[in-house]
Amino acid sequence: ESDARRGGGRKRGAGPGPGDGPGAAGWCCLVLWLPACVAAHGFRIHDYLYFQVLSPGDIRYIFTATPAKDFGGIFHTRYEQIHLVPAEPPEACGELSNGFFIQDQIALVERGGCSFLSKTRVVQEHGGRAVIISDNAVDNDSFYVEMIQDSTQRTADIPALFLLGRDGYMIRRSLEQHGLPWAIISIPVNVTSIPTFELLQPPWTFW
């Protein structure tokens, strides 16, 4: 089953979506298993989750992603430094030629070819700790697709996040320009603890 048109979506900067009622903040604290609600608010706000690229330096920005709606795991801890490895092949619908480098790291995957759940399971089977699936529309800088379960009744245990196509493209392009096999990221990031003047956002998008 293709992931091409599964689920709805939300524009970057849009208000709370379904389920973001008055109790949403408390729910976020619960699912993240964090000791302080103040910290949890910064990790996940209205179904957004944040990560920061630490290297390469030219894309050292804080990126916004959205967790899968009804499959996958959650982040029980923060990874201060972990590799974000572009999958080969990018759609990750089968065996990965660079699967060895994804083990214990996070995979960057492109949308298309198979369901979001299938991609997540492939990364999980290669030992990945999470998967970030970027849209295959490289000009998409504002619309988040809601990743939902497919019809196979399978499950996945690792976190799965959706990333804007423009963001995914710019990360991969930077790695290619520098001849690097992966980026180094911190995830999830507590944006409420970062001073506004240090909150570096990708200049090609807006919050």
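Our structure's up above, just so we're on the same page.
Residues numbered from 1 in each chain as written. Predicted model: local features only at pLDDT ≥ 70, side-chain atom pairs only at ≥ 80, totals over all residues. Heavy atoms only, no water.

1. Remarks on the side chain of S118
Part 1 of the argument: Within the secondary structure, S118 is located in helix 4 (residues 116-125).
Part 2 of the argument: Contacts of S118, omitting those with residues within four sequence positions, involve D150 and R154. (Helix = DSSP H or I, 4+ residues; strand = E, 2+ residues; numbered from the N terminus. Contact = heavy atoms within 4.5 Å.)

2. Looking at helix 5 (residues 165-178)
Turn by turn, an α-helix covers 3.6 residues, leaving residues three or four places apart pointing in a common direction.
Part 1 of the argument: Helix length check: helix 5 (14 residues) gives 20 Å between terminal C-alpha atoms against 20 Å at 1.5 Å per residue, within 8%.
Part 2 of the argument: Note on helix 5: the residue one or two positions beyond its end, G179, has a positive phi of about 65°. (Expected span 1.5 Å × (residues − 1).)

3. Quick look at unusual backbone geometry
Part 1 of the argument: In the segment running from E88 into P89, the intervening peptide bond is cis, with an omega of 0°.
Part 2 of the argument: Turning to its location among the elements, P89 is positioned in the loop between strand 5 (79-86) and helix 3 (99-102).
Part 3 of the argument: With an omega dihedral of -15°, the bond running from I187 to P188 counts as a cis peptide bond.
Part 4 of the argument: Along the chain, P188 turns up in the segment after strand 10 (183-187).
Part 5 of the argument: Of note, the phi angle at A92 is positive, near 50°, even though the residue is not glycine.
Part 6 of the argument: Residue position: A92 is located in the loop between strand 5 and helix 3.
Part 7 of the argument: Taking relative accessible area as the criterion, A92 reaches 0% and is therefore assigned buried. (Buried < 20%, exposed > 50% of the residue type's maximum accessible area, 1.4 Å probe, protein only.)

4. Considerations on helix 4
Part 1 of the argument: Taken across its 10 residues, helix 4 has seven buried, putting it largely inside the fold.
Part 2 of the argument: Along its buried surface, helix 4 packs onto helix 3, strand 6 (106-110), strand 7 (130-134), strand 8 (143-145) and strand 9 (160-163).
Part 3 of the argument: G127 lies just past helix 4 and shows a positive phi near 85°.

5. Considerations on the state of the cysteines
Part 1 of the argument: Under the defined criterion, the tally for this structure stands at one disulfide.
Part 2 of the argument: Paired by a disulfide, C93 and C114 hold their sulfur atoms 2.2 Å apart. Handedness of the C93-C114 disulfide follows from its S-S torsion of about -95°: it is left-handed. Pair noted here: C93 is in the loop between strand 5 and helix 3 and C114 is in the loop between strand 6 and helix 4, with a separation of 21 residues, a long-range link. (Disulfide = S-S within 2.5 Å.)

6. Quick notes on the nonpolar core
Part 1 of the argument: Within the largest apolar cluster, 29 residues are counted, with the highest numbers of intra-cluster contacts made by F71, I102, V109, F116, V123 and M147.
Part 2 of the argument: Residue contributions to this core peak at four residues, all from helix 4.
Part 3 of the argument: Core analysis: the next-biggest nonpolar cluster, separate from the first, contains 24 residues, L49, A65, I171 and L175 among them. (Core = buried A, V, L, I, M, F, W, Y, C linked by side-chain atoms within 4.5 Å.)

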